[in-house]
Amino acid sequence: MKHLLSVAEMQRGDVEELLELSAKFAEVLDRPIPKVPTLRGRTVVNAFFEDSTRTRLSFETAAKRLSADVMSFSTKGSSVDKGESLRDTVETLEAMGVDAFVVRHSSSGAPWQVASWVDASVVNAGDGTHQHPTQALLDCYTMRPHLESLEGRRVAIVGDIVNSRVARSDIDAFTLLGASVVLVAPPTLLPRHVATWQVEVSHDLDPILPDLDAIYMLRVQMERGTGPRLPSLREYAARYGLDGRRARLLPEKALIMHPGPMVRGVEITPEVAALPNAVITEQVANGVAVRMAVLFTLLRGGAP
Ligand code: CP
């Protein structure tokens, strides 16, 4: 594998292999010195053209735990503000010696463009409303020990589906591993072509809850223009937010997940985010091992 751009481009075996490798790197992270020399001499650049906390720092940590050199680029304070193009920017970075680009961009498809311009490997760290493959991998990795397997499991993804690259990657990954997915959202937050997706759709959250193995709450993405699609945030929270009453309708062991950042009090209440079956912090922690597995696979291949 040279690039990791989309779950839709992966086979089930690719996902399984990355999850197994992630478990090996999780063992490394449990050591007193959580570092291996595997990618010594390699350079990873985090090229973030859109804001991020978790993904950027998680990739940076993963690369450092593998002993790679890390360059961090973000548009704020860069020559992008002077009008430099995406192509000129990545070619400039590559001229400094880069083995892997980790790219986040607000335009869907930007990582594919980058991959066509550079010789280095490219990882999609989230492009527009399109894909966020490492989020999906870390979500599957987090779910498996709790649910044993995703085969036959039922997962609800709730909220701003239309703008969610996480939803698109998770639907691909969960169904690839044998789970069934139900999307729960108001009609205005669903894409027009949702009927062509391999999912069930519901506009009503409460009746779905008792039959779930996991519920995945999404943030309302105001920065992508979701505001006008809703009568009000208060009404949205009342109909689709996961509060204590709704959490009690879930089976006791059903996982509560969120990719972050959370907007507490809208899609999830603070008390629900703190429940023992809420694995939101675990998702973040697992992101490092999963991204180590991804960088290792792209830059070294084979068993660690
Ligand atoms: N889940 C996620 O992509 O978070 P960030 O935007 O903080 O990276």
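Only a predicted model underlies this, so the values are computations on that prediction, with no experimental measurement involved.

A. Structural context of the side chain of Thr-75. Position of Thr-75 among the secondary structure elements: in the loop between strand E2 (69-74) and helix H3 (86-95). Apart from residues lying up to four places away in sequence, Thr-75 is in contact with Phe-48, Phe-49, Val-80 and Asp-81.

B. Representation of the site of the ligand in the model. Taken together, the residues surrounding the ligand are Ser-52, Thr-53, Arg-54, Thr-55, Arg-104, His-132, Gln-135, Pro-259 and Gly-260. Within the backbone of Pro-259, one N or O atom sits 2.8 Å away from a nitrogen atom of the ligand. Here the shell around the ligand is built from residues that sort into 1 nonpolar, 6 polar and 2 charged. Inspection of the shell around the ligand shows a minimum of three residues originating in each of domain 1 (7-132 + 286-299) and domain 2 (133-283).

C. Main features of the domain arrangement of the protein. In terms of domains, the protein is made up of domain 1 (7-132 + 286-299) and domain 2 (133-283). Each of domain 1 and domain 2 was reduced to a C-alpha centroid, and the two centroids are 25 Å apart. With 32 residues of domain 1 at the contact, the number on the domain 2 side is 29 residues. Buried surface at the junction of domain 1 and domain 2, summed over both partners, amounts to about 2,500 Å²; 58% is from carbon and sulfur atoms. For the pair domain 1 and domain 2, the number of links is 4 salt bridges. The closest approach of N and O atoms between Arg-224 and Glu-50, which form a salt bridge, is 3.2 Å. Linking domain 1 with domain 2 are 18 residue pairs in polar contact (both at pLDDT 80 or more). Looking at the side of domain 1 that touches domain 2, the elements with two or more residues in it are helix H1 (12-29), helix H2 (54-65), strand E3 (100-105), strand E4 (121-127) and helix H10 (280-299).

D. Region of interest: helix H7 (residues 233-240). Considered for burial, the residues of H7 that qualify are Tyr-236, Ala-237 and Tyr-240. Projected down its long axis, H7 shows its buried positions confined to an angular sector of 100°, all on one face. The outward face of H7, more than 90 degrees from its buried face, is lined by the exposed residues Arg-234 and Ala-238. The inward-facing, buried residues of H7 abut strand E5 (154-158), strand E6 (180-184), strand E8 (214-217) and helix H8 (244-247).

E. Region of the structure containing the environment of Tyr-240. With respect to the helices, strands and loops of the structure, Tyr-240 is situated in helix H7. Looking at Tyr-240, the relative accessible area reads 3%, which means it is buried. In this structure the C-alpha to C-alpha distance between Tyr-240 and Gly-41, which are 199 residues apart in sequence, comes to 48 Å. Discounting residues that sit within four places of it in the chain, Tyr-240 has contacts with Val-158, Val-184, Ala-185, Pro-186, His-203, Leu-205, Met-217, Arg-246 and Glu-267. Polar side-chain contacts of Tyr-240 include one of 2.6 Å to the backbone oxygen of His-203.

F. Highlighting the sheet that holds E3. With parallel pairing, 4 strands are arranged side by side in an open sheet as E2-E1-E3-E4. The open sheet has two free edges, formed respectively by E2 and E4, since each of these has just one partner strand. Adjacent strand axes in the sheet meet at a mean angle of 15° when their direction is disregarded. The pairing of E3 with E4 spans 5 bridges and is classified as parallel. Along E4, the bridge assignment pairs Ala-100 with Ser-121.

G. Focus on H10. In a regular helix each residue adds 1.5 Å, so 20 residues correspond to 28 Å; H10 covers 29 Å between its end C-alpha atoms and thus fits that length. The principal kink in H10, of about 30°, is found at Gly-287. Counting buried residues in H10 gives 16 out of 20 residues, a clear majority hidden from the surface.

Rules of the game
Residues numbered from 1 in each chain as written. Predicted model: local features only at pLDDT ≥ 70, side-chain atom pairs only at ≥ 80, totals over all residues. Heavy atoms only, no water. Helix = DSSP H or I, 4+ residues; strand = E, 2+ residues; numbered from the N terminus. Contact = heavy atoms within 4.5 Å. Near = heavy atom within 4 Å. Polar contact = N/O pair within 3.5 Å; in protein donor to acceptor, adjacent residues only side chain to side chain. Nonpolar A, V, L, I, M, F, W, Y, C, P; charged D, E, K, R; others polar. Domains from an automatic or database assignment. Buried area = accessible area lost by both parts, 1.4 Å probe. Salt bridge = Lys/Arg side-chain N within 4 Å of Asp/Glu carboxyl O. Buried < 20%, exposed > 50% of the residue type's maximum accessible area, 1.4 Å probe, protein only. Arc of directions from axis to C-beta. Pairing = 2+ DSSP bridges. Axes fitted to C-alpha atoms, helices over the stretch in contact; angles between N-to-C directions. Expected span 1.5 Å × (residues − 1). Bend = angle between axes of the 7 residues up to and from the residue.

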